[in-house]
Amino acid sequence: MSIHPAPPVSRTAADHPVELVAEYFGRALDALAAWREQLAAEIAAARADAPLTTDRLDALVEPSALGLFDQLDLPVYGSGFIAALDSLADANSHLAWWQGPERAQLVLAAQSVNKEHIDYSELEWYRVPFQTGEPHVAGPYVDYLCSDEYTITVAAPVQVDGEFVGAVALDLLIDQVERHLTPQLAAFGDDISIVNGVGRVLISTSPARATGDTIRGDDLAAFERFPCPGMALDVLIAR
């Protein structure tokens, strides 16, 4: 296996599949980077006024969360903010989240017993931004919490005075990402796969590879690997 440096990212026409992938997910990362700065300032001001509750947090998050659906040229399924555990005055955990075609607010307690107290500390879309302080593209995984679909979550940490207070995030459903990206990737070859940091396939132009399959170990020798800048994704191209 050889690892090639990624070409420079282009925001126009892609000359290499890694540019296409980096530009696609980079749209989400850029939008979340701008939002997290704004939300950090809003949370700081709200906490200076009174203890932050779930209702007050929802009111802060909702306008920008809903705005992401129209702001981004991406198939956004859900958007919102995951509060840091034990950071709110009236709940140990909370997702201020809107999703689906109706852009309805997610109400976890109405779906299943104890979901209002869910411990998401080990879930990738929360754990990695919390531990690294960096944005992260998480998935693919079946999102039993929100959509019950194969999902990619893009998340970015929010900090107030150096304290992690949660993460802004958005969900993309794999089947919609496939419809967007696979035809464009296919223009570069018939065996190209996007994989995450543990070699799990997000999407592939090969009919022999499905979302959730793994390409690692000895199997990697059949591919050239191109890291995507700024995100824990690689593009694998069959030799």
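Procedures and definitions
Residues numbered from 1 in each chain as written. Predicted model: local features only at pLDDT ≥ 70, side-chain atom pairs only at ≥ 80, totals over all residues. Heavy atoms only, no water. Axes fitted to C-alpha atoms, helices over the stretch in contact; angles between N-to-C directions. Helix = DSSP H or I, 4+ residues; strand = E, 2+ residues; numbered from the N terminus. Parallel < 35°, antiparallel > 145°, perpendicular 65-115°, else oblique. Left-handed = near helix turned anticlockwise from the far one by under 90°. Contact = heavy atoms within 4.5 Å. Nonpolar A, V, L, I, M, F, W, Y, C, P; charged D, E, K, R; others polar. Pairing = 2+ DSSP bridges. Phe/Tyr/Trp six-rings, centres within 6.5 Å; stacked < 30°, edge-to-face > 60°. Expected span 1.5 Å × (residues − 1). Bend = angle between axes of the 7 residues up to and from the residue. Buried < 20%, exposed > 50% of the residue type's maximum accessible area, 1.4 Å probe, protein only. pLDDT = per-residue confidence, 0-100.

A. Layout of the packing of helix α1 (residues 17-49) against helix α2 (residues 54-71). The interhelical angle for the contact between α1 and α2, taken along N-to-C directions, is 165°, at an axis separation of 10 Å. Judged on the interaxial angle alone, α2 and α1 are roughly antiparallel. When you trace α1 past α2, the crossing you get is right-handed. Of α2, the residues touching α1 (which contributes Ala31, Leu32, Trp35, Gln38, Leu39, Glu42, Ile43, Ala46 and Asp49) are Arg56, Leu57, Leu60, Val61, Ser64, Ala65, Leu68 and Gln71. Among the residues making up the contact of α1 with α2, the classes are represented as eleven nonpolar, three polar and three charged.

B. Spotlight on the sheet that holds strand β3 (residues 95-99). Read from one edge to the other, the open sheet built from six strands follows the order β4-β3-β2-β7-β6-β5, with strand pairing classed as antiparallel. With one partner strand each, in any of the chains shown, β4 (104-105) and β5 (136-142) form the two edges of the open sheet. In this structure, β5 lies alongside strand β6 (residues 150-160), joined through five bridges in antiparallel fashion. Residue pairing across strands places Val137 opposite Val154, the latter belonging to β6.

C. Quick peek at the packing of α1 against helix α4 (residues 174-186). Closest axis-to-axis distance for the α1/α4 pair is 10 Å, and the angle between their directions is 155°. Accordingly, the angle class assigned to the pair α1 and α4 is roughly antiparallel. Handedness of the crossing formed by α1 with α4: right-handed. For the pair α1 and α4, contact is made by Pro17, Leu20, Val21, Tyr24 and Phe25 and by Val177, His180, Leu181, Gln184 and Leu185, respectively. Looking at the contact of α1 with α4, its residues break down into eight nonpolar, two polar and no charged.

D. The arrangement of the packing of aromatic side chains in detail. Tallied over the entire structure, the rule returns six aromatic pairs. Each ring, one from Tyr120 and one from Trp125, has its centre 5.9 Å from the other, and the planes form 40°; the classification is tilted. Put simply, the rings of Tyr120, Trp125, Tyr126, Phe130 and Phe164 pair up and form one aromatic cluster.

E. Looking closely at α4. Over its 13 residues, α4 extends 17 Å from the first C-alpha to the last, a length consistent with the 18 Å expected when each residue adds 1.5 Å. Roughly 35° is the biggest bend found in α4, and it falls at His180, with proline Pro183 one to four residues downstream. Turning to α4, its buried residues number three or more, namely Ile174, Val177, Leu181 and Leu185.

F. Quick peek at the confidence of the model for the chain. When the pLDDT values of the chain are averaged, the result is 91; 91% of them are 70 or greater. Segment residues 5-12 is flagged for pLDDT under 50; beyond a separation of four residues in sequence, or across chains, it makes 16 contacts in the model. Throughout residues 109-116 the model reports pLDDT below 50, and contacts reaching past four residues in sequence, or to other chains, amount to seven contacts.

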